[in-house]
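Remarks on the overall topology
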Amino acid sequence: MKLNFVHVHLLLNHVPTVGTIIALGLLMLALVKKSQELKRASFALFFAIALVSLPTYMTGYSAQKAIKDRPGVSSSLIEQHQSAALLALIFMEATGVVAWFGLWQARKRSAAAGWNAPVVLLLSAVTIGLMAAAANIGGEVSHPEIMSAGEAPGGTLAPAALTSASISHFQFAHPWAWPTLETLHFIGLSLLFGIVLAGNLRILGFMKNAPFVDLHRLLPWGVWGFVLNSVTGMMFFAGASGQYIENPAFHLKVIFMLLAGANVLYLTWFDEVWALGPGANAPLSAKLVAASQVFLWIGVIYFGRMLPYIGNAF
């Protein structure tokens, strides 16, 4: 049975907005109660929502394809909705990254930086506003009856550079743009896979002389690799979405990426791996997770490489 990505979009499109509101409320409660555990839980939730926001945005292109030719559907509103959603996604991903750094800093032997929580608080508040604006425009696309009499449709703070047409023009009108983005994409993947592989190999029993806590300082490099991958990957997608939305290799790559992306959260959140001193063995459950994550990242690389060869989309 073929997966209907329009249904997936309808299922996911409220998760980033509602989830961010819940995470923001949890963070505010943590600050009032001065609870480090609640703060860590809110940071983990922000990071998880940032991951879910990626397929939420991408499946929107399937929804666009399904309704763009229907009578009464405004292509201008669809374009405004896409650019507003991309702006909201950028702030959501920034919130997730800063929240992860809060989790990372909490593991440091020195005191955690005090700037982290206020920055997450500010970014999440802005993100909620941007997501609400994008959702409002999305509602107007297929439900013009929600607008008041005389109200002008649409209206977004997103710059023109965030439209799909502008991103596509940048990539294909400049001969250096696509090769540069590809180079940055593979640099990010190398950083990410290298750091995650080292951490997971230690959990699997390799490099036993190294305590896991000493790998701690390398984890931000893996996260920056993931950020670089996400930014360049979303530019590829937004600039030529038709090559991806019907490509089964891309679907599998995204699924593998989301599951594997949780590995960075696992390495930061759970206590069992942090108890690994020199010569210590990880519990079986941790080893199973580590092995699965190595497999998933290899799957991300494989299906990314297979994009031109599977699905006849390129």
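Data block above holds the structure.
I will try to describe carefully the structure that is included in this document.

Scoring rules and cut-offs
- Residues numbered from 1 in each chain as written.
- Predicted model: local features only at pLDDT ≥ 70, side-chain atom pairs only at ≥ 80, totals over all residues.
- Heavy atoms only, no water.
- 1 Å grid on protein atoms, 1.4 Å probe; cavity = no way out; pocket = protein on both sides within 12 Å on 5 of 7 lines; lining within 4 Å.
- Points joined across faces, edges and corners; volume = space filled by probe spheres on them.
- Helix = DSSP H or I, 4+ residues; strand = E, 2+ residues; numbered from the N terminus.
- Nonpolar A, V, L, I, M, F, W, Y, C, P; charged D, E, K, R; others polar.
- Salt bridge = Lys/Arg side-chain N within 4 Å of Asp/Glu carboxyl O.
- Buried < 20%, exposed > 50% of the residue type's maximum accessible area, 1.4 Å probe, protein only.
- Core = buried A, V, L, I, M, F, W, Y, C linked by side-chain atoms within 4.5 Å.
- Contact = heavy atoms within 4.5 Å.
- Patch = residues over 30% accessible without salt bridge, like charges linked within 9 Å, V, L, I, M, F, W, Y side chains within 5 Å.
- Areas by Shrake-Rupley, 256 points an atom, 1.4 Å probe, with all protein chains shown as cover.
- Axes fitted to C-alpha atoms, helices over the stretch in contact; angles between N-to-C directions.
- Parallel < 35°, antiparallel > 145°, perpendicular 65-115°, else oblique.
- Left-handed = near helix turned anticlockwise from the far one by under 90°.

**Regarding the layout of surface pockets**
In this structure, the second largest pocket spans a volume of roughly 580 Å³. Contributions of two or more residues to the lining of the second largest pocket are made by α3 (36-67), α7 (177-204), α8 (219-239), α9 (248-269) and α10 (284-305). With seven residues, α8 is the single largest residue contributor to the lining of the second largest pocket. Considering only residue class, the lining of the second largest pocket consists of 19 nonpolar, five polar and three charged.

**Overview of the pattern of salt bridges**
For side chains bearing opposite charge, pairing can occur when the charged atoms are close. A full pass over the atoms with the stated rule returns one salt bridge. For Arg40, the salt bridge is made with Glu37, and the minimal N-O distance between the two is 3.5 Å. Placement of both Arg40 and Glu37 in helix α3 is noted, with a separation of three residues, approximately one turn of the helix. Taking the relative accessible area as the measure of exposure, Glu37 reaches 52% and is therefore exposed.

**Here's the deal with the environment of Gly299**
Take Gly299: it is sitting in helix α10. Distance in space between the C-alpha atoms of Gly299 and Met257 is 8.3 Å, their sequence separation being 42 residues.

**Considering the nonpolar core**
Judged by nonpolar contacts, the single largest core of 70 residues is most densely connected at Phe46, Tyr57, Ile203 and Phe237. When residues in this core are grouped by element, the largest group, twelve residues, is from helix α4 (residues 75-106). If sequence neighbours within four positions are ignored, Tyr57 has contacts with Gln82, Ala85, Leu86, Leu89, Met234, Phe237 and Ala238.

**Remarks on a nonpolar patch on the surface**
On the surface, Leu252, Ile255 and Leu259 cluster together to form a nonpolar patch covering roughly 250 Å² of accessible area. If you trace the backbone, Ile255 turns up in helix α9. Accessibility expressed as a relative area gives 44% for Ile255, which makes it partly exposed.

**Thoughts on the packing of helix α6 (residues 164-173) against α7**
In the contact formed by α6 and α7, the axes pass within 6 Å of each other and the chain directions differ by 100°. Taken together, the axes of α6 and α7 are roughly perpendicular relative to one another. Note on element contacts: α7 touches α6 through Ala177, Trp178 and Leu181, opposite Phe170, Gln171 and Phe172. Classifying every residue of the contact of α6 with α7 by side-chain character gives five nonpolar, one polar and no charged.

**Points about the packing of α7 against α10**
Where α7 contacts α10, the axes come no closer than 9 Å and their chain directions differ by 155°. Here α10 runs roughly antiparallel to α7, going by the angle between their axes. Considering only the axes of α7 and α10, their crossing is left-handed. Contacts from Leu189, Leu192, Phe193, Val196, Leu197, Asn200, Ile203 and Leu204 in α7 reach Ala286, Lys287, Ala290, Ala291, Gln293, Val294, Trp297, Ile298 and Ile301 in α10. Each residue belonging to the contact of α7 with α10 can be placed in one class, and the counts come to 14 nonpolar, two polar and one charged.

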